[in-house]
Amino acid sequence: MGLAVCALVACGGSDKTATQTQKAATPCPTTGRQVTFPLLDKSKTYTVHVRTNLGSFDIRLDVADSPCTTSSFAALVRKRFFDGTRFHRIVPGFVIQGGDPTATGQGGPGYSVRDVPPSNSQYRKGIVAMAKTMAEPSGTSGSQFFVVTARDAGLPPEYAILGVVTKGLGVVEKIGRLGNPLNERPTRQVVVQRMVVTP
């Protein structure tokens, strides 16, 4: 089904200009709402600066392993999709999770992409990956992401790798202590004030 969507996005229409625009957009198939976004250049290093009400941290995107995931995420950042969202799930000693505009754990951008992670993927402290439901295929991602605060989360290689925290890990760890271990809800509101991707 995903391949069929990709073929329709890339090849539809007889208008030459429209076809060229579609080919230049993205070869990434989407599930749900059909969207296009530019693919990030694998020869460049992209960083997402995340400013929260408790401090800032940087994520270096893993474009090589997750071209569709990182490109979709960067496109959402540029649309300011994440600004004003909260970390709605905080499990002390495990992960902090955000990227849901509804802060319920059920929200997203209305579509998903997929990058099957390498079979040797390890979710260690500072790794940023995309959250998915148990029913979704390996590597599926919308907008919800998590940052590992455990030394090793012990997760199977089913979650698309977004990148790694390269600066501000102390801020991530501080946020990671603000969760109720019984219900995984934050004990204090942690808001993403602004995300910016460079270059």
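Check the entry above for the structure.
Calculation notes
Residues numbered from 1 in each chain as written. Predicted model: local features only at pLDDT ≥ 70, side-chain atom pairs only at ≥ 80, totals over all residues. Heavy atoms only, no water. Helix = DSSP H or I, 4+ residues; strand = E, 2+ residues; numbered from the N terminus. Buried < 20%, exposed > 50% of the residue type's maximum accessible area, 1.4 Å probe, protein only. Areas by Shrake-Rupley, 256 points an atom, 1.4 Å probe, with all protein chains shown as cover. Contact = heavy atoms within 4.5 Å. Salt bridge = Lys/Arg side-chain N within 4 Å of Asp/Glu carboxyl O. Pairing = 2+ DSSP bridges. Axes fitted to C-alpha atoms, helices over the stretch in contact; angles between N-to-C directions. Lys, Arg positive; Asp, Glu negative; His and termini not counted. Polar contact = N/O pair within 3.5 Å; in protein donor to acceptor, adjacent residues only side chain to side chain.

Caption draft 1: Inspection of the overall build of the protein chain at higher detail. Within the protein chain one finds four helices and eleven strands. Taking all 199 residues of the protein chain together, the buried fraction comes to 47%. Accessible area of the protein chain: about 9,900 Å², with a carbon and sulfur share of 52%.

Caption draft 2: Spotlight on the side chain of Gln144. Looking at where Gln144 falls in the secondary structure, it is placed in the loop between strand S8 (140-141) and strand S9 (145-148). On the basis of relative accessible area, Gln144 is assigned to the buried category, the value being 9%. What Gln144 contacts, discounting residues up to four positions off in sequence, is His88, Gln97, Gly98, Gly99, Asp100, Gly105, Gln106, Gly107, Met130 and Ala131.

Caption draft 3: Layout of the pattern of salt bridges. Per the counting criterion, the structure on display carries five salt bridges. Ionic pairing is found between Arg80 and Asp83, a salt bridge with its closest N-O pair at 2.8 Å. Relative accessible area serves as the criterion here: at 47%, Arg80 is assigned to the partly exposed category. For Asp83, a relative accessible area of 19% gives the class buried. As a salt-bridge pair, Arg194 and Asp83 come within 3.2 Å of each other at their nearest N and O atoms. Of this pair, Arg194 sits in strand S11 (residues 192-198) while Asp83 sits in the loop between helix H3 (67-78) and strand S4 (89-91), placing them 111 residues apart in sequence. Of the residues examined, Arg194 reaches a relative accessible area of 24% and is grouped as partly exposed. Via salt bridges that share partners, Arg80, Asp83 and Arg194 belong to a single interconnected network.

Caption draft 4: Region of interest: the sheet that holds S4. Strands sit in the order S4-S5-S9-S7-S10-S3-S2-S11 across an open sheet of eight strands; the sheet is antiparallel. Across the chains shown, the open sheet's two edge strands, defined by having one partner strand only, are S4 and S11. Strand after strand, the sheet turns through a mean of 25 degrees between neighbouring axes, direction not considered. In terms of strand pairing, strand S3 (residues 55-61) meets strand S10 (residues 161-167) through four bridges, oriented antiparallel. What sits directly across from Ile59, in S10, is Val165.

Caption draft 5: A look at the sheet that holds strand S6 (residues 111-114). Pairing within the open sheet is antiparallel, and its three strands lie in the order S1-S6-S8. Edge strands, defined here as strands with exactly one partner in the open sheet, are strand S1 (31-32) and S8. Helix-sheet contacts for H3 involve S6 and S8, and the interaxial angle to S6 is about 145 degrees.

Caption draft 6: Structural context of the side chain of Asp100. In this fold, Asp100 is placed in the loop between strand S5 (95-98) and S6. Look at Asp100: it is buried, it has no salt bridge, and the nearest opposite charge is Arg86 at 8.5 Å. Only 3.1 Å separates the side chain of Asp100 from the backbone nitrogen of Thr104, close enough to count as a polar contact. Among the polar contacts listed, one links the side chain of Asp100 to the backbone nitrogen of Gln106, at a separation of 3.1 Å.

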